[in-house]
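Here are the chains, one letter per residue:
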Amino acid sequence: RLLETFDYFLTLSRITLFSQGHEMKEVDIDELCKEIGLPNIEQNEAQIIPHILSDKYFLIEILEIISSLPYVEIEQKINLNISQNETQVILHITIKYNKNVVFGENDPRLRSCQIGIRNLEGQLSWKEPEGSKLVIQIALPIFKSTALSSDG
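The rules behind the values
- Residues numbered from 1 in each chain as written.
- Predicted model: local features only at pLDDT ≥ 70, side-chain atom pairs only at ≥ 80, totals over all residues.
- Heavy atoms only, no water.
- Helix = DSSP H or I, 4+ residues; strand = E, 2+ residues; numbered from the N terminus.
- Contact = heavy atoms within 4.5 Å.
- Areas by Shrake-Rupley, 256 points an atom, 1.4 Å probe, with all protein chains shown as cover.
- Pairing = 2+ DSSP bridges.
- Salt bridge = Lys/Arg side-chain N within 4 Å of Asp/Glu carboxyl O.
- Buried < 20%, exposed > 50% of the residue type's maximum accessible area, 1.4 Å probe, protein only.

Visitor: Would you take a moment to explain the overall build of the protein chain for this structure?
Guide: Scanning the protein chain for helices and strands turns up five helices and six strands. The N-to-C order of helical and strand elements in the protein chain reads α-β-α-β-α-β-β-α-β-β-α. For the protein chain, the proportion of contacts with a sequence separation of at least 24, taken over those separated by at least 6, is 70%. Counting every atom, the protein chain has about 9,000 Å² of accessible surface; 50% of that belongs to carbon and sulfur.

Encoded structure:
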């Protein structure tokens, strides 16, 4: 219990440290995932995933925290799928869950990441593990170059 509390405060401090002033700009999700070692995006070849509006380095920090959570199986079985609507890109991260580790719906590490994603004008949610799978969803705004231009 004490180690979990300590881990929570370390996670929160990492997020707090990186949340000082965001440089929101265009981010290519595919490049971002390659940079942190997440698997290739599973997508339809015809599907073109738009870039997102985010702080790349802060988002990398959040994704690294998620991929190193203590309930992830040692083999690091993480799958990533992407979907989108008119305003958001949604990352669906499926993690093979270690059944020997207790997971609570108010997991403090995920709550810390949720706060961090909210700072990026996005949303993070997750479901209780079904069987041996934990699904985390991160919705981030789509980058629209027209929103940053002075024309119009």
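Visitor: Explanation requested: the pairing of strand β6 (residues 133–141) in the structure shown.
Guide: As a general feature of sheets, a regular strand has side chains that alternate between the two faces. With nine bridges joining them, strand β4 (residues 88–96) and β6 adopt antiparallel strand pairing. Residue pairing across strands places Ile95 opposite Leu134, the latter belonging to β6. Here four bridges tie strand β5 (residues 123–126) to β6, and the two strands are oriented antiparallel to one another. Its bridge partner lying in β6, Leu124 is registered against Ile138.

Visitor: Looking at this model, I keep getting lost on the pairing of strand β3 (residues 78–84). Mind explaining?
Guide: Taken together, the seven bridges between β3 and β4 define a ladder with antiparallel strand orientation. By the bridge assignment for β4, Asn81 is matched with His92. Linkage of β3 to β4, two consecutive antiparallel strands, is achieved through a turn of three residues.

Visitor: How should I be thinking about the pattern of salt bridges in this particular structure?
Guide: Between side chains of opposite charge, a pair can form when the charged atoms approach closely. Counted under the stated rule, the structure contains three salt bridges. Taking the shortest distance from any N to any O, the salt bridge between Lys56 and Glu35 comes out at 3.0 Å. Highlighted residues: Lys56 in helix α3 (residues 56–67) and Glu35 in helix α2 (residues 29–36), separated in sequence by 21 residues. Exposure remark for Glu35: the relative accessible area of 47% places this residue in the partly exposed category.

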